[in-house]
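Summary of the model geometry
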Amino acid sequence: DRRDEVQILAPGSDRPVQSKRLISDDYDNNRITLPAPAAIGPYTVRYWNTDNRTAMTEITVEVTPVPTSLSGPDAVEPKTRFAVTWEGPGARRDQVQIVKAGETRVLLATRLVNGDYAGRSIEIRAPNDPGDYMLQYFNTDNRTVLFEMPLSVN
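What comes next is a walk through the structure. Keep in mind it's a predicted model, so treat the numbers as computed, not measured.

Turning to the overall build of the protein, a few remarks are in order. Along the protein, the regular secondary structure elements total 2 helices and 12 strands. What you see for the protein is a C-alpha radius of gyration of 19 Å, clearly larger than the 15 Å of a compact globule of 154 residues, by over 25%. Here the protein holds 154 residues, and 32% of them are scored as buried. Long-range contacts, defined as pairs at least 24 residues apart, comprise 54% of the intrachain contacts of the protein with a sequence gap of at least 6. With an accessible surface of roughly 9500 Å², the protein has 47% of that area assigned to carbon and sulfur atoms. Seen as two clouds, the 18 positive and the 21 negative side-chain charges of the protein have centres 6 Å apart.

With that out of the way, let us pick up the sheet that holds strand 4 (residues 54-63). Taken in spatial order, the 4 strands make up an open sheet running 2-1-3-4, and their pairing is antiparallel. The strands lining the two open edges of the sheet, one partner per strand, are strand 2 (16-21) and strand 4. Sheet twist, expressed as the average angle between the axes of neighbouring strands with direction ignored, equals 20°. As paired strands, strand 1 (residues 5-9) and strand 3 (residues 41-49) are joined by 5 bridges and run antiparallel to one another. Its bridge partner lying in strand 3, Ile-8 is registered against Val-45.

Another point: the pairing of strand 1. Among the 5 residues in strand 1, 5 count as buried, and that is most of the element. The side-chain alternation of strand 1 yields two buried faces, one formed by Glu-5, Gln-7 and Leu-9 and the other by Val-6 and Ile-8. Pairing geometry for strand 1 and strand 2, over 5 bridges, is antiparallel. Of the residues in strand 2, the one forming a bridge with Ile-8 is Gln-18. Here strand 1 folds back onto strand 2 in antiparallel fashion, the turn holding 6 residues, of which Gly-12 has a positive phi close to 75°.

With respect to the helices and strands, the residue Gln-136 is situated in strand 11 (residues 131-139). Taking relative accessible area as the criterion, Gln-136 reaches 8% and is therefore assigned buried. As for Gln-136 and Pro-150, which are separated by 14 residues in sequence, their C-alpha atoms are 8.9 Å apart. Excluding residues that lie within four positions of it along the chain, Gln-136 makes contacts with Leu-70, Gln-95, Val-96, Gln-97, Val-99, Val-145, Phe-147 and Glu-148. Of note is the side chain of Gln-136, whose polar atom sits 3.2 Å from the side chain of Glu-148.

Rules and cut-offs
- Residues numbered from 1 in each chain as written.
- Predicted model: local features only at pLDDT ≥ 70, side-chain atom pairs only at ≥ 80, totals over all residues.
- Heavy atoms only, no water.
- Helix = DSSP H or I, 4+ residues; strand = E, 2+ residues; numbered from the N terminus.
- Rg over C-alpha atoms; globule rule 2.2 N^0.38 Å.
- Buried < 20%, exposed > 50% of the residue type's maximum accessible area, 1.4 Å probe, protein only.
- Contact = heavy atoms within 4.5 Å.
- Areas by Shrake-Rupley, 256 points an atom, 1.4 Å probe, with all protein chains shown as cover.
- Lys, Arg positive; Asp, Glu negative; His and termini not counted.
- Charge placed at Lys NZ, Arg CZ, Asp CG, Glu CD.
- Pairing = 2+ DSSP bridges.
- Axes fitted to C-alpha atoms, helices over the stretch in contact; angles between N-to-C directions.
- Polar contact = N/O pair within 3.5 Å; in protein donor to acceptor, adjacent residues only side chain to side chain.

As structure tokens, then:
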């Protein structure tokens, strides 16, 4: 059915943490892509028939950790651009972000784009003001910080 979905559910939950409605193109290849949840552990993947509101079939999958890291200088001067290498899921909108230490508001961010994948490296600009900051790898599929490291701006 055109409203059927493939859903990912956490253990003991009947509410999907991820889902994708099937569309015409999905039927030709019998394949879709869903981002895995950020939290590791077992999940149920099911084909949900919306007409009957029933699971037509389901399997259990194990989400394992994706190695995620950032590497760059410990200290930089204000307003300078510096290189950061990264390892992570590389989802199409993932970002390297800078936040003030102890805060959550993103001050600066650089989105990972196609050219960044080959060398796993990006350039980001340091904040204007000296202080203690955190450099973060942010996964947009799950809206989750997967890795962070301190950065001093002086």
